[in-house]
Amino acid sequence: MKLLVIGGGGREHALAWRLAQSPRIQTVYVAPGNGGTALASNMKNVPISAIDDLIAFAKQEKIAYTVVGPEAPLAAGVVDAFRAAGLKIFGPTQQAAQLESSKDYAKAFMVRHHIPTAAYQTFTDPAQAKDYITQQGAPIVVKADGLAAGKGVVVAMDQAEAHGAIDMMLGDGSFGAAGARVVVEEYLSGEEASFIVMCDGQHVLALATSQDHKRLKDQDQGPNTGGMGAYSPAPVITPALHNRIMREVINPTLSGMAKDGIPYTGFLYAGLMIGSGPDATRSLKVLEFNCRMGDPETQPIMMRIKNDLTGVFELAVNGRLDQASIDWDRRTALGVVLAAKDYPGTPRTGDVISSLPEDTQECVVFHAGTTLDDGVLKTSGGRVLCVTVLADSVKRAQATAYAAIAQTHFDGQQYRRDIGWRALPGGSA
């Protein structure tokens, strides 16, 4: 089989890496791909991104099915277009992708279908938004309504910071269409976890749990980012809590989409805030929905899959996901993101990546913001690499990951030194 993965980040490298290990695979094409996928012998980069060009390529190469990585093509309707052309593709339709592409749509959907989430209001007028913030007090959360590449959320610890976020999103136009509306919602405390499932319109298959680290610096300090590292499984999600999440969040979301006439296919990612206390009564609220796998959660999740993933996707695109299962490695997988200088502001690009550790069965360096320039590997984005390892415990996984990072170098690299800290004794919120 030949497969196509759309996207060029760390998530797409990890998906393509896992798919390419199947003995059934001839080539995994990645469009547009990155420096890491360019270097892989069983992957091939395709420098196209326009939907019509992707369709023409899939037809020409007789692609068995396509997997969509990032949110932008989903919001642009790539799934609708592929299906109209008679091609198999895994992802949500443009209508269904509104769960991610519009925060306001997602919040209204959750309220309508009784899915637990933070109280909120939506604004287009800066003065009204600031009045609401003044009434509610801080801490408070300000979100750009549209897609903002993981940077459209400000967790404001005081009113001045919240008002500044309103000015930035609604005032100066720096967020473009994404910031034409803002959602202001109550601040939730607790422990975050990522719960990702695969859906085929009727059936659902839960993936391994994971936990992302959104803040730039150790101990969850500094600005929000697209994610500085992740590990799987997330101990905060016990079997009892897993059942609650399926019952209170995932199943009502899928049945709600079906009731609204928008059957959901593709990955569904629920970002959750979990309160303290016994599993049966601890608070459980949805912070956000994503309509694709998380990045960097995908990297550790893919490391833990033991069986052939190509068959799982094959069942999913044919509406038979109820026949699929995934065999999970019991070990902990942990990934640490190496980011470029000045990330998450305006990251510097073009730095030479002068050394990398060799990939092994227990340690893989997934590329995100890299490019191969005349045979020289260089940085090309904010999050550059994700060093991902498998080990018998979180502590050992940390030690292995940071030993591998010691063999990795590009000028200006920055990374957190505490990925997985909440899973260690005394680390829980």
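Residues numbered from 1 in each chain as written. Predicted model: local features only at pLDDT ≥ 70, side-chain atom pairs only at ≥ 80, totals over all residues. Heavy atoms only, no water.

Draft legend 1. Fine view of the pairing of strand 10 (residues 191-200). Counting buried positions along strand 10 gives nine out of 10 residues, so the element sits mostly inside the fold. The pairing of strand 10 with strand 16 (residues 265-274) spans 10 bridges and is classified as antiparallel. Residue pairing across strands places valine 197 opposite leucine 268, the latter belonging to strand 16. As judged from the three bridges shared by strand 10 and strand 11 (residues 204-206), these two strands associate in the antiparallel manner. Each residue of the ladder has a partner; that of valine 197, found in strand 11, is alanine 206. In this structure, the hairpin formed by strand 10 and strand 11 is closed by a connection of three residues, where glycine 201 is found at a positive phi of approximately 100°. (Buried < 20%, exposed > 50% of the residue type's maximum accessible area, 1.4 Å probe, protein only. Helix = DSSP H or I, 4+ residues; strand = E, 2+ residues; numbered from the N terminus. Pairing = 2+ DSSP bridges.)

Draft legend 2. How the structure looks around the packing of aromatic side chains. Per the counting criterion, the structure on display carries eight aromatic pairs. Their ring planes at 75° and their centres at 5.3 Å tell us that phenylalanine 90 and phenylalanine 313 sit as a pair that is edge-to-face. Residue phenylalanine 90 is located in strand 5 (residues 89-90), and its partner phenylalanine 313 is located in helix 12 (residues 309-317); the two are separated by 223 residues in the primary sequence. There is no split in this pair, since phenylalanine 90 and phenylalanine 313 are both buried. (Phe/Tyr/Trp six-rings, centres within 6.5 Å; stacked < 30°, edge-to-face > 60°.)

Draft legend 3. View of helix 1 (residues 10-20). Along helix 1, 11 of the 11 residues are buried, which leaves the element largely enclosed by surrounding structure. Taken together, the buried positions of helix 1 are occupied by Gly10, Arg11, Glu12, His13, Ala14, Leu15, Ala16, Trp17, Arg18, Leu19 and Ala20.

Draft legend 4. How the structure looks around the pattern of salt bridges. All told, the structure shown has 24 salt bridges when counted by the stated rule. Salt-bridge contacts for lysine 2 lead to glutamate 61; the nearest nitrogen and oxygen are separated by 2.8 Å. Placement of lysine 2 in strand 1 (residues 2-7) and of glutamate 61 in the loop between helix 3 (51-60) and strand 4 (65-68) is noted, with a sequence separation of 59 residues between them. Looking at glutamate 61, the relative accessible area reads 17%, which means it is buried. (Salt bridge = Lys/Arg side-chain N within 4 Å of Asp/Glu carboxyl O.)

Draft legend 5. View of the layout of surface pockets. Space inside the second largest pocket adds up to approximately 490 Å³. Looking at the second largest pocket, it is lined by 25 residues, and the ones nearest its centre are Trp17, Gln21, Asp359, Thr360 and Val364. Elements with a contribution of two residues or more to the lining of the second largest pocket: helix 1, helix 2 (35-39) and strand 20 (363-367). Per-class residue counts for the lining of the second largest pocket are 11 nonpolar, seven polar and seven charged. (1 Å grid on protein atoms, 1.4 Å probe; cavity = no way out; pocket = protein on both sides within 12 Å on 5 of 7 lines; lining within 4 Å. Points joined across faces, edges and corners; volume = space filled by probe spheres on them. Nonpolar A, V, L, I, M, F, W, Y, C, P; charged D, E, K, R; others polar.)

Draft legend 6. Here's a closer look at helix 12. Counting buried positions along helix 12 gives seven out of nine residues, so the element sits mostly inside the fold. Among the residues of helix 12, Leu309, Thr310, Val312, Phe313, Leu315, Ala316 and Val317 are the ones counted as buried. Phi turns positive, to about 70°, at glycine 319, one or two residues after helix 12.

Draft legend 7. Structural detail: the environment of tyrosine 132. Structurally, tyrosine 132 can be placed in helix 8 (residues 126-136). Separated by 130 residues in sequence, tyrosine 132 and isoleucine 262 have C-alpha atoms that sit 33 Å apart. Contact partners of tyrosine 132, with chain neighbours within four places excluded, come to Tyr120, Gln121, Phe123 and Val184. (Contact = heavy atoms within 4.5 Å.)

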